[in-house]
Amino acid sequence: MGSPLNGYSMNVVMINDCAYVGETLLKYFPIELKGRQIKRSRGFWSKTFGLAYNILRAKADVYHIHYLLQDCYIAERLGKKPIIGHAHGSDLRLGLKHPAWGRIVRSNLKKCDRIFVSTPDILKTARRFRADAEYLPNPFDKSLFYPKPIANHEKKRVLIASDSNWRVKGTDIAIRALNRIRDEIEVSIIQYGADFEKTLHLAKSLGLRLNILQKAPHEKLNEYFWNADIVIDQFKLGSLGLISLEAIASGRPVITYVSSEYDEYRDFPIKDVNKEEEIASLTREADTRLWRREYSYLEKNHSLELIIRKLLKVYGEVYG
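Residues numbered from 1 in each chain as written. Predicted model: local features only at pLDDT ≥ 70, side-chain atom pairs only at ≥ 80, totals over all residues. Heavy atoms only, no water.

With respect to the helices and strands, the residue D229 is situated in the loop between α10 (221-226) and β10 (230-232). Of the polar contacts made by the side chain of D229, one reaches the side chain of H153; its length is 3.0 Å. Among the polar contacts listed, one links the side chain of D229 to the backbone nitrogen of R157, at a separation of 2.7 Å. When residues no more than four places from it in sequence are discounted, the contact partners of D229 are I150, A151, H153, K155, K156, R157, R252 and P253. (Helix = DSSP H or I, 4+ residues; strand = E, 2+ residues; numbered from the N terminus. Polar contact = N/O pair within 3.5 Å; in protein donor to acceptor, adjacent residues only side chain to side chain. Contact = heavy atoms within 4.5 Å.)

On to the packing of helix α8 (residues 171-179) against helix α12 (residues 276-285). Packed helix pairs are characterised by how far apart their axes lie and by the angle those axes make with each other. Direction vectors running N to C along α8 and α12 enclose 60°, while the axes themselves pass 8 Å from each other. On the basis of the axis angle, α8 is oblique to α12. At the point where α8 passes α12, the crossing takes the right-handed sense. Counted together, I173, R176, A177 and L178 of α8 and E276, I279, A280 and T283 of α12 form the full contact between these two elements. Considering only residue class, the contact of α8 with α12 consists of five nonpolar, one polar and two charged. (Axes fitted to C-alpha atoms, helices over the stretch in contact; angles between N-to-C directions. Parallel < 35°, antiparallel > 145°, perpendicular 65-115°, else oblique. Left-handed = near helix turned anticlockwise from the far one by under 90°. Nonpolar A, V, L, I, M, F, W, Y, C, P; charged D, E, K, R; others polar.)

Two elements, strand β1 (residues 10-15) and strand β2 (residues 33-38), share six bridges in a ladder whose sense is parallel. Counted as the bridge partner of M14 is Q37 from β2. With respect to chirality, the unit in which β1 leads through helix α1 (residues 21-28) into the neighbouring parallel β2 is right-handed. (Pairing = 2+ DSSP bridges. Right-handed = clockwise from strand over helix to strand, strands pointing away.)

Evaluation of the coordinates by the stated rule reveals 20 salt bridges. As a salt-bridge pair, D113 and K81 come within 3.2 Å of each other at their nearest N and O atoms. Of the two residues, D113 is situated in the loop between α6 (101-111) and β5 (114-117) and K81 in the loop between α4 (70-77) and β4 (83-87); the sequence distance between them amounts to 32 residues. Owing to a relative accessible area of 27%, D113 belongs among the partly exposed residues under this scheme. Put simply, D121 and R93 hold a salt bridge, and the shortest N to O gap is 2.8 Å. (Salt bridge = Lys/Arg side-chain N within 4 Å of Asp/Glu carboxyl O. Buried < 20%, exposed > 50% of the residue type's maximum accessible area, 1.4 Å probe, protein only.)

Bear in mind that shape data such as this cannot, by itself, settle questions of function.
Here you go:
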């Protein structure tokens, strides 16, 4: 892959992360781009004074900051330049409405040198404050997530892979939909999310049996995908999440809600699926033909090479 840096070296510091986007980008950056990552936890010291100390010590040509919360705000207050703010969802969907965080998010949107958003559903929100905000598709780690053949099973194995969150992910919709075809499928669910216990209770009340899987490290999630025939994601947001991208990359058809409102998804083969009967019908019919169409979209729109080329072009613009 040729680089827009034209042979010049550049130092980039990634601050924080979301959905392993920064980590994946660093892994595949070209050799002339020297990158490192400042990580933080949700512990008080790590996300406040520890974060400020690490940012203060950082020296870079570009500061790429994931999430438009305190990370961006601290870096800007410490005089770090240029800053690329990368919004990943809840910072704009919820953070802007928060009585304390809202002011910080608005400040970050206005003061960062450039703004990226990771999904099309938050692009319009970002552009209320920054007309130049851009959509940067999420990458997936192709060394971890790659196709493997689907084994023959007596019943289709369905994996609910996103976190159990009824308001954001619509996990309750997925449970009710799968219950309609429960005699034809075996359902597994990963044990995480604010509404996990509610989800188990709902399934039990309906008579839908769930095989509970322990939450696995990111690098082990591929095993769950490969053991399934079909992967179920979210039915509320209308945007493709990383779960969908990684499952498709792993060779499995995905049933999820992708809104036709967003032109960025014009090539995605299934759209506006968020009703129980539609989800049940598609789950029953999903096969390798659907996966091939989804995988074709993935190759065209979420290629690491294309994403990094676009990113390096912006790095060069803000640094120059």
